[in-house]
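# Structural overview
Chain by chain, the residues:
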Amino acid sequence: MAGGKMKKDKPQRGSSAAASNPHFQGGISFHKSKGQHILKNPLLVDSIVQKAGIKSTDVILEIGPGTGNLTKKLLEAGKSVIAVELDPRMVLELQRRFQGTPLSNRLKVIQGDVLKCDLPYFDICVANIPYQISSPLTFKLLAHRPLFRAAVIMFQREFAMRLVAQPGDTLYCRLSVNTQLLARVSHLLKVGKNNFRPPPKVDSSVVRIEPRKPLAPVNFKEWDGLVRICFNRKNKTIGSLFRQKSVLSLLEKNYRTLQALQLSEKATSDDMEMALDVSALGETFGDLSMDADDGKDDDEMEVDDGDAKRSDFKEKVLAVLKEGKFEEKRSSKLAQADFMHLLSLFNKAGIHFS
């Protein structure tokens, strides 16, 4: 089931509600506020399954199966389907739909919140999800071990375009950078709102996500710490961002703490090899506009005033930017390799972001 942030539906009364209300199917009412939008176009369902590249030996994970329109096609294409559904009414409908059919023994239904439950092994994920969980779900999937082959997911169109955005694109943001660090992402299909029952207020897109193997050798918490600063105002120069009092205070605190602990070069190296915490990258992506530039000029930002207490550390930070020629560059134009290089320069100077 797909969805966005919708107003709650008014309750229906009377025995004719199911017949007169397009939010009903098979006697079940759909709650738009919960992101329940059923994919009704059979040609589109077929197209999604075809583009997913499902193998007959695949264990398929489906999230938010609803009444089973997509589930049926997935069962026919793969070895088995694990369907995770929060709504107990939909679980019963799904079980009823396939009960007594040859497909029933290849369907496992898990009732619960996909963000809270432990996911079993799967080869590929194909899903039409509630849009409210897009970010945390994306990163939960990318944190899943063992890594799956691919995920083909229906997202709100703007979110999808942020996932695939490249340096210089208007929608290029922290979400783009973090996702593409972990996976190859490609846009497959644009889907109009009228393909759903009830129709959402926004268009959708189907995106393919393929986890990178192997992953980049980087501390993901520290990576996100750097990228978070850089995309706070993505159209400002990197130099102006790192002159802010709040940024310098944070980095200096980390720097002094590490010095106090007498962190050796070997310990730093070991820390870079810490267990991945990929799912944490998705914890703060709730608002699609979070990375939008706020329009302030550089001289309106909270710039460090040159306090003597902090001046030495400030010069150390600026020296890093000068060494990599990052002072006049802007985050909106930087590629993965640029952020990786900037992080390595800061770490070489003993400056860390977590």
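For the protein chain, an unreviewed UniProt entry supplies the name rRNA adenine N(6)-methyltransferase and the organism Datura stramonium. Per UniProt, the comment on the protein chain under Sequence similarities (unreviewed entry) is "Belongs to the class I-like SAM-binding methyltransferase superfamily. rRNA adenine N(6)-methyltransferase family."

A few words on the overall build of the protein chain. Within the protein chain, the regular secondary structure consists of 13 helices and eleven strands. Looking at the protein chain as a whole, 51% of its 354 residues qualify as buried. Partitioning the intrachain contacts of the protein chain with sequence separation of at least 6 by distance along the chain shows that 74% fall at a separation of at least 24. Taken as a whole, the protein chain presents about 16900 Å² of accessible surface, with 50% of it coming from carbon and sulfur.

Next up on the list: the UniProt feature "binding site: S-adenosyl-L-methionine" (unreviewed entry) in the protein chain. The sites that carry the UniProt feature "binding site: S-adenosyl-L-methionine" (unreviewed entry) are, in the present numbering, H37, L39, G64, E85, D113 and N128. Position of L39 among the secondary structure elements: in strand β3 (residues 38–39). The contact partners of L39, leaving out residues within four places of it in the chain, are L44, V45, I48, N69, N128, M154, N195 and F196. G64 sits in the buried class, given a relative accessible area of 7%.

It is worth spelling out the nonpolar core at this point. Core analysis: the largest hydrophobic core is formed by 67 residues, its most contacted members being L61, L141, F155, F242 and F346. Per-element accounting of this core gives the leading share, six residues, to helix α8 (residues 220–230). What F346 contacts, discounting residues up to four positions off in sequence, is L226, F242, V317, V320, L321, I351 and F353. I54, L74, L94 and V206 belong to the second-largest nonpolar core, a separate cluster that totals 27 residues.

Across the protein chain, the average pLDDT comes to 84, with 76% of residues at or above 70. pLDDT under 50 marks residues 286–290. Its contacts with residues more than four places away, or in other chains, come to nine contacts. Per-residue pLDDT stays below 50 along residues 292–300; that stretch engages in 14 contacts with residues further than four places along the chain or on separate chains.

At their nearest, the axes of helix α7 (residues 174–182) and α8 sit 10 Å apart, and the two run at 155° to each other. Put simply, α7 runs roughly antiparallel to α8. The two elements α7 and α8 meet at a crossing, and its hand is right-handed. In contact with R174, V177, N178, L181 and L182 of α7, α8 contributes F220, W223, D224, V227 and R228.

Residue position: M161 is located in helix α6 (residues 157–164). Between the C-alpha atom of M161 and that of S186, which follows or precedes it by 25 residues, the distance is 9.4 Å. Once you skip the residues sitting within four places of it in the chain, M161 turns out to touch L171 and H187.

Taken residue by residue, helix α3 (residues 69–77) has L70, T71, L74 and L75 as its buried positions. End-on, the buried residues of α3 take up no more than an arc of 135°, which puts them together on one face. Residues of α3 that are buried sit in contact with α2 (42–52), β4 (59–63), β5 (80–85), α4 (88–98), β6 (107–111) and β7 (124–128).

Leave glycine aside and you will find that most residues have negative phi; peptide bonds, for their part, are mostly trans. The peptide bond linking R197 to P198 adopts the cis configuration, its omega dihedral lying at -15°. For the peptide bond that leads from K213 to P214, omega is -5°, which places it in the cis range. Topologically, P214 is positioned in the loop between β11 (204–211) and α8. For K325, which is not a glycine, the phi torsion comes out positive at approximately 60°. Position of K325 relative to the elements: it lies in the loop between α12 (308–323) and α13 (336–348).

How each quantity is defined
- Residues numbered from 1 in each chain as written.
- Predicted model: local features only at pLDDT ≥ 70, side-chain atom pairs only at ≥ 80, totals over all residues.
- Heavy atoms only, no water.
- UniProt positions renumbered as here; feature names shortened; annotations may be inferred.
- Helix = DSSP H or I, 4+ residues; strand = E, 2+ residues; numbered from the N terminus.
- Buried < 20%, exposed > 50% of the residue type's maximum accessible area, 1.4 Å probe, protein only.
- Contact = heavy atoms within 4.5 Å.
- Areas by Shrake-Rupley, 256 points an atom, 1.4 Å probe, with all protein chains shown as cover.
- Core = buried A, V, L, I, M, F, W, Y, C linked by side-chain atoms within 4.5 Å.
- pLDDT = per-residue confidence, 0-100.
- Axes fitted to C-alpha atoms, helices over the stretch in contact; angles between N-to-C directions.
- Parallel < 35°, antiparallel > 145°, perpendicular 65-115°, else oblique.
- Left-handed = near helix turned anticlockwise from the far one by under 90°.
- Arc of directions from axis to C-beta.

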